[in-house]
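Analysis of the macromolecular model
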Amino acid sequence: LTKSLKGGNRNFAEYELFRYEKNDFVEKQRVLKDGAFLVEFLPEENEDNMEYLYNIKKMAKDAGFRYYSKVSWSKGTFVSNTGRKSSNCEDVMIFSNGKPRELRLNQKRNLQIARENNLDVKGKSSYEVRDILEKHGLEIHYMSGTSKMLPTAFDYQPAKAKEKIHSAEKPVELLEDIIHCISKPYELLLDQFGGSGNLGTTGCVSYMFNKKGVIVIEKDEETYDKMKENILNNSNATVQEDKENTIEIEL
């Protein structure tokens with residue numbers, strides 16, 4: 001969608017472009033656990049991409065995904081002057097593989113259990129109540145959905161252009177927030193468009209509650225080398241790299 005990514009003599013996408021096909025979503029559905037979440041970063045809708053964005057949702061549905069929610073990523077003070085209106089957002093589109101998994105604490109049920117066991121939980125948050133129940137060996141109840149109510153927007157400033165490793169780079173803080181919303185402890189995450197490698201840096205990995213790890217894929221060799229350097233410079237890691245350009249990072 002090159003028209004959406006050019007403004008005057010500026011090119012906002014210095015990387016290979018592509019269009020999703022249905023088989024892409026079939027593969028995503030195949031590797032995800034039941035109920036797990038798929039997150040897609042998509043541009044704001046315009047005349048150029050309106051039909052394509054609709055088709056993405058249809059392809060995901062046909063592959064077995066359920067539409068969960070869409071949240072804008074508001075890029076702080078950054079403004080892109082392309083197309084018919086100024087823009088500072090991308091859409092974070094979230095799907096679930098079948099019925100959404102149960103990540104949200106069931107505060108009503110957990111409070112009931114606490115009171116039945118004479119535990120003082122007056123004025124406690126849902127997370128504090130959870131910790132009290134866990135301490136006393138009591139069952140903790142969850143509801144279907146993300147671990148917390150999704151915000152009206154994710155508001156995180158992107159890196160300055162001269163500081164970016166990849167022109168579509170996402171800030172670590174944004175990735176942390178999304179990871180917290182969609183995942184459980186000790187899970188394996190997949191980033192099929194590695195880019196800057198920010199998902200593999202300590203800022204994210206340490207936030208992922210001792211995850212099993214992250215699989216980060218990047219096909220462009222120059223970007224891959226920059227990604228590897230970024231991960232090494234921003235993590236307490238030892239690295240093993242094989243001849244097929246696969247990096248194993250041990251924290």
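The preceding data block contains the structure.
The rules behind the values
Residues numbered from 1 in each chain as written. Predicted model: local features only at pLDDT ≥ 70, side-chain atom pairs only at ≥ 80, totals over all residues. Heavy atoms only, no water. Pairing = 2+ DSSP bridges. Helix = DSSP H or I, 4+ residues; strand = E, 2+ residues; numbered from the N terminus. Axes fitted to C-alpha atoms, helices over the stretch in contact; angles between N-to-C directions. Contact = heavy atoms within 4.5 Å. Salt bridge = Lys/Arg side-chain N within 4 Å of Asp/Glu carboxyl O. Buried < 20%, exposed > 50% of the residue type's maximum accessible area, 1.4 Å probe, protein only. Phe/Tyr/Trp six-rings, centres within 6.5 Å; stacked < 30°, edge-to-face > 60°. Lys NZ or Arg CZ within 6 Å of the ring centre and 35° of its normal. Expected span 1.5 Å × (residues − 1). Arc of directions from axis to C-beta. Parallel < 35°, antiparallel > 145°, perpendicular 65-115°, else oblique. Left-handed = near helix turned anticlockwise from the far one by under 90°. Nonpolar A, V, L, I, M, F, W, Y, C, P; charged D, E, K, R; others polar. Polar contact = N/O pair within 3.5 Å; in protein donor to acceptor, adjacent residues only side chain to side chain. Patch = residues over 30% accessible without salt bridge, like charges linked within 9 Å, V, L, I, M, F, W, Y side chains within 5 Å. Areas by Shrake-Rupley, 256 points an atom, 1.4 Å probe, with all protein chains shown as cover.

Here we look at the sheet that holds strand β3 (residues 37–43)
- Strand order in the open sheet made by the 4 strands is β3-β5-β4-β8, with mixed pairing throughout. Strands at the two margins of the open sheet, each flanked by one partner only, are β3 and β8 (153–155). Here the strands of the sheet are splayed against their neighbours by 30° on average, with no regard to which way each runs.
- Where strand β4 (residues 65–74) and strand β5 (residues 89–97) come together, 9 bridges link them in antiparallel fashion. Bridging from a neighbouring strand, Arg 66 pairs with Ser 96 of β5.
- Packing of helix α1 (residues 22–31) onto the sheet brings it into contact with β3, β4 and β5, and relative to β3 it is tilted by some 150°.
- Against the sheet, helix α5 (residues 172–182) touches β3, β4, β5 and β8, its axis set at about 145° to β3.

Concerning the pattern of salt bridges
- This model, assessed by the stated rule, comprises 9 salt bridges.
- When the shortest N-O distance is used, the salt bridge between Lys 75 and Glu 90 registers 2.9 Å. Placement of the pair is Lys 75 in the loop between β4 and β5 and Glu 90 in strand β5, with a sequence separation of 15 residues. There is no split in this pair, since Lys 75 and Glu 90 are both buried.
- The salt bridge involving Arg 130 is made with Asp 131; its shortest N-O contact spans 3.1 Å.
- For Arg 130, a relative accessible area of 26% corresponds to the partly exposed category.

Digging into the packing of aromatic side chains
- All chains considered together, the criterion is met by 7 aromatic pairs.
- With a centroid separation of 6.4 Å and 80° between ring planes, the pair formed by Phe 41 and Trp 73 is classed as edge-to-face. You can see Phe 41 sitting in strand β3 and its partner Trp 73 sitting in strand β4, a full 32 residues away along the chain.
- The cationic tip of Lys 170 hangs over the ring face of Phe 41; the distance from NZ or CZ to the ring centre is 4.8 Å.

Topic: the pairing of β5
- Of all 9 residues in β5, 9 are buried; the element is thus mostly enclosed.
- The side-chain alternation of β5 yields two buried faces, one formed by Cys 89, Asp 91, Met 93, Phe 95 and Asn 97 and the other by Glu 90, Val 92, Ile 94 and Ser 96.
- Two elements, β3 and β5, share 7 bridges in a ladder whose sense is antiparallel. Looking at β5, one finds that Val 39 is bridged to Ile 94.

So, helix α7 (residues 221–233)
- Along its 13 residues, α7 runs 18 Å from first to last C-alpha, staying within 8% of the 18 Å computed at 1.5 Å per residue.
- Turning to α7, its buried residues are Thr 223, Tyr 224, Met 227, Asn 230 and Ile 231. Along the long axis of α7, the arc covered by the buried residues comes to 125°, so they all point the same way. Residues of α7 that are exposed and point over 90 degrees away from its buried face: Glu 221, Glu 222 and Asn 233.

Some details on the packing of helix α3 (residues 107–116) against helix α4 (residues 126–135)
- Between α3 and α4, the least distance of the axes is 10 Å, while the angle of their chain directions is 40°. When the axis of α3 is compared with that of α4, the two are oblique. Handedness of the α3/α4 crossing: left-handed. Residues Gln 107, Asn 110, Leu 111, Ile 113 and Ala 114 of α3 touch α4, and the partners they reach there are Ser 126, Val 129 and Leu 133.
- Among the residues forming the contact of α3 with α4, the class breakdown is 5 nonpolar, 3 polar and no charged.

Digging into the side chain of Asn 110
- Tracing the backbone shows Asn 110 in helix α3.
- A distance of 2.8 Å separates a polar side-chain atom of Asn 110 from the backbone nitrogen of His 141.

Some details on a nonpolar patch on the surface
- A surface patch of nonpolar side chains, about 440 Å² in accessible area, is lined by Val 31, Leu 188, Leu 190, Ile 215 and Ile 217.
- Tracing the chain through its elements places Ile 217 in the loop between β10 (213–216) and α7.

Some points on the pairing of strand β9 (residues 188–191)
- Burial along β9 is one-sided: Leu 189 and Asp 191 are buried, and none of Leu 188 and Leu 190, which face the opposite way, are.
- Note: β9 against β10, 4 bridges, orientation parallel. Bridge pairing in β10 places Leu 190 opposite Ile 215.

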